[in-house]
Amino acid sequence: MTALLNVRKALAEEVAGLGRRLDDARREVLEHLTAEAAELRADARETRARADRGAAAAADTERAVSLLRQEVGEVRESIAGLQHALDALAQHPVFRAESADRREPPGENAESEWTDADPDPDPDPDPDPDPDPDLVDAGPEPAFPPLMDSDDDDDADDDAGEEAGGGIDQDADTDSGADDVDHGVLLLKAAQAGTVALVCHRESWEFLAACAAGNEHFRATCELADEGNGRVRAVLSGRSVIGALIALRHTRDDSHLDGTWALASACYSRIAEGLRTTARDGRRPLTVVFDDGVRDAPPERQLPGPSGTRPEDPDGTD
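Residues numbered from 1 in each chain as written. Predicted model: local features only at pLDDT ≥ 70, side-chain atom pairs only at ≥ 80, totals over all residues. Heavy atoms only, no water.

A.B. asks: Can you walk me through helix H6 (residues 259-276) in this structure?
C.D. replies: Because each turn of an α-helix spans 3.6 residues, side chains separated by three or four positions end up pointing in the same direction. The end-to-end C-alpha separation of H6 is 26 Å, in line with the 26 Å expected for 18 residues at 1.5 Å each. Along H6, the residues classified as buried are Ala264, Ser265, Cys267, Tyr268, Ile271, Ala272, Gly274 and Leu275. (Helix = DSSP H or I, 4+ residues; strand = E, 2+ residues; numbered from the N terminus. Expected span 1.5 Å × (residues − 1). Buried < 20%, exposed > 50% of the residue type's maximum accessible area, 1.4 Å probe, protein only.)

A.B. asks: What should I look at first to understand the packing of helix H4 (residues 202-212) against helix H5 (residues 238-254) in this one?
C.D. replies: The axes of two packed helices give the description: the angle between them and the distance between them. Where H4 meets H5, the closest approach of the two axes is 8 Å, and the angle between their N-to-C directions is 90°. When the interaxial angle is binned, H4 and H5 end up roughly perpendicular. Contacts from Phe207, Leu208, Cys211 and Ala212 of H4 reach H5 at Gly243, Ala244, Ala247, Leu248 and Thr251. Among the residues forming the contact of H4 with H5, the class breakdown is seven nonpolar, two polar and no charged. (Axes fitted to C-alpha atoms, helices over the stretch in contact; angles between N-to-C directions. Parallel < 35°, antiparallel > 145°, perpendicular 65-115°, else oblique. Contact = heavy atoms within 4.5 Å. Nonpolar A, V, L, I, M, F, W, Y, C, P; charged D, E, K, R; others polar.)

A.B. asks: Even after reading the chapter, I still don't get the pattern of salt bridges, so can you show me in this structure?
C.D. replies: Should the charged atoms of two oppositely charged side chains come close, the side chains can pair. Considering all chains together, one arrives at eight salt bridges under this definition. The partner of Arg27 in a salt bridge is Asp24, with the nearest N and O atoms 2.8 Å apart. Here Arg27 pairs with Asp24, and both are found in helix H1 (residues 2-90), just three residues apart, close to one helical turn. Exposure remark for Asp24: the relative accessible area of 35% places this residue in the partly exposed category. When the shortest N-O distance is used, the salt bridge between Glu273 and Arg270 registers 3.8 Å. Of the two residues, Glu273 and Arg270 are both situated in helix H6; the distance of three residues between them amounts to about one turn of the helix. For Arg270, a relative accessible area of 23% gives the class partly exposed. (Salt bridge = Lys/Arg side-chain N within 4 Å of Asp/Glu carboxyl O.)

A.B. asks: Can you walk me through the layout of surface pockets in this structure?
C.D. replies: Within this model, the second largest pocket holds a volume of roughly 290 Å³. Forming the boundary of the second largest pocket are His84, Ala85, Ala88, Leu89, Gly177, Ala178, Asp180, Val181, His183, Gly184, Leu187 and Leu188. Put simply, the parts of the chain that give the lining of the second largest pocket at least two residues each are H1 and helix H3 (150-192). Examining the composition of the lining of the second largest pocket, we find that eight residues originate from one element, H3, more than from any other. The residue makeup of the lining of the second largest pocket, split by class, is seven nonpolar, four polar and one charged. (1 Å grid on protein atoms, 1.4 Å probe; cavity = no way out; pocket = protein on both sides within 12 Å on 5 of 7 lines; lining within 4 Å. Points joined across faces, edges and corners; volume = space filled by probe spheres on them.)

A.B. asks: Is there a simple way to think about the nonpolar core in this case?
C.D. replies: Considering soluble globular proteins, one finds that nonpolar side chains tend to be buried as a cluster. One finds Leu198, Trp205, Leu208, Leu245, Leu248 and Ile271 to be the most contacted residues of the largest nonpolar core, which totals 33 residues. Elements with a minimum of two residues in this core: H3, strand E1 (195-201), H4, strand E3 (231-237), H5, H6 and strand E4 (286-289). Aside from chain neighbours lying at most four places away, what touches Trp205 is Leu198, Cys200, Phe218, Cys222, Leu224, Val232, Ala234 and Leu236. (Core = buried A, V, L, I, M, F, W, Y, C linked by side-chain atoms within 4.5 Å.)

A.B. asks: Help me understand the packing of aromatic side chains, please; the structure alone is not making it clear to me.
C.D. replies: Any two aromatic rings considered together are summarised by their centre-to-centre distance and by the angle between their planes. Scanning all chains against the criterion turns up one aromatic pair. The ring of Tyr268 carries the charged tip of Arg252 above its face, separated from the ring centre by 5.0 Å. (Phe/Tyr/Trp six-rings, centres within 6.5 Å; stacked < 30°, edge-to-face > 60°. Lys NZ or Arg CZ within 6 Å of the ring centre and 35° of its normal.)

A.B. asks: How should the sheet that holds strand E2 (residues 223-228) be read in this particular structure?
C.D. replies: Note on sheets: strands pair through backbone hydrogen bonds, and any given pair is parallel or antiparallel. Here four strands make up an open sheet; going across it, the order is E2-E3-E1-E4 and the pairing mixed. In the strand order of this sheet, the two ends are held by E2 and E4, each with one partner. Direction aside, the axes of adjacent strands within the sheet are offset by 20° on average. In this fold H4 packs onto E1, E2 and E3, with an angle of close to 125° to the strand it touches most, E1. Against the sheet, H6 contacts E1 and E4, and its axis sits at roughly 150° relative to E4. (Pairing = 2+ DSSP bridges.)

A.B. asks: So what exactly am I meant to see when it comes to the packing of H5 against H6 here?
C.D. replies: Two elements in contact, H5 and H6, have axes separated by 9 Å at closest approach and are oriented at 140°. If you check the angle between H5 and H6, you find them oblique. Seen from above, H5 lies across H6 with left-handed handedness. Contacts between H5 and H6 involve Val241, Leu245, Leu248, Arg249, Thr251 and Arg252 on the former and, on the latter, Thr260, Trp261, Ala264, Ser265, Cys267, Tyr268, Ile271 and Leu275. Of the residues that constitute the contact of H5 with H6, the class distribution is nine nonpolar, three polar and two charged. (Left-handed = near helix turned anticlockwise from the far one by under 90°.)

A.B. asks: I tried to follow the pairing of E3 on my own but got confused; where do I start?
C.D. replies: Regular strands show a simple pattern: their side chains alternate between the two faces of the sheet. Residues Val232, Ala234 and Leu236 of E3 are buried on one face, while the alternating residues Arg231, Arg233, Val235 and Ser237, pointing to the opposite face, are not. Pairing of E1 with E3, which is carried by seven bridges, proceeds in the antiparallel orientation. Considered in E3, the bridge of Thr195 is made with Ser237. For E2 and E3, the ladder comprises five bridges, and the chain directions are antiparallel. Paired with Glu223 across the two strands is Val235, which belongs to E3. What sits between E2 and E3 in their antiparallel hairpin is a turn of two residues, with Asn229 showing a positive phi close to 60°.

Right, dumping it as structure tokens:
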């Protein structure tokens with residue numbers, strides 16, 4: 001009996017040991033599986049993050065390429081516009097005159113390429129003054145114009161209207177292009193001028209300074225002197241004249257037949273007239289005067305008196 005109890009006790013202890021070892025093994029397996037799962041989750045998160053970063057980089061690259069293409073297109077358009085402006089400037093009379101001045105004069109013994117035109121042949125020596133109208137050949141009879149339906153007439157009228165409108169638009173574009181070219185030439189003239197003096201009324205100068213104050217090239221801190229009778233003399237640099245021309249042109253185009261338009265137009269045109277007279281070999285600074293007045297009346301000439309004398313010839317001698 002005691003032996004059975006001992007065997008039973010030993011078996012119970014072995015079963016308990018097996019249970020503990022089984023629990024330890026289960027715990028180790030669970031810990032290992034948990035660690036592996038955590039590593040797999042971390043790898044998955046890192047892979048997902050790398051994929052997101054790659055997608056973001058690809059999107060940024062695509063946007064950068066699109067912006068680069070847009071910038072390349074804008075650069076091409078700018079180059080085309082600059083080329084068009086240069087071609088238009090090359091056709092301006094100012095640059096044609098400069099190229100003609102620089103051209104080497106022909107030699108004294110150069111042969112002329114022009115020849116006199118042949119004289120007209122002698123007319124008919126004996127024309128018939130009064131030809132018989134019945135015998136005159138009037139040429140072939142003109143053909144009748146083709147008949148057109150009313151719809152065709154309407155289409156023709158529409159086409160004519162479109163052609164006329166297109167011609168007007170083309171003329172407007174041509175005038176605008178010529179005005180832009182003239183404005184560009186004036187800016188070049190102003191850039192080449194050292195100093196430009198403006199003599200005008202103080203209120204006119206205040207209008208011009210206020211109009212050009214917002215331009216980046218205009219400097220209001222210029223030399224200002226009193227000329228008397230309400231007039232002032234402002235000495236501007238070429239850069240300030242550029243700013244004034246740009247601002248006056250914008251103000252003139254934004255206004256319509258009012259006081260602002262009149263002042264801006266007068267200032268712009270008077271400065272433009274002065275700049276067109278400047279030359280590279282000129283030595284005197286340009287002075288633009290805004291002081292239009294009335295010309296002095298010429299002295300009245302009197303008729304000769306009885307003695308044959310005139311006011312210009314009091315002694316009667318020529």
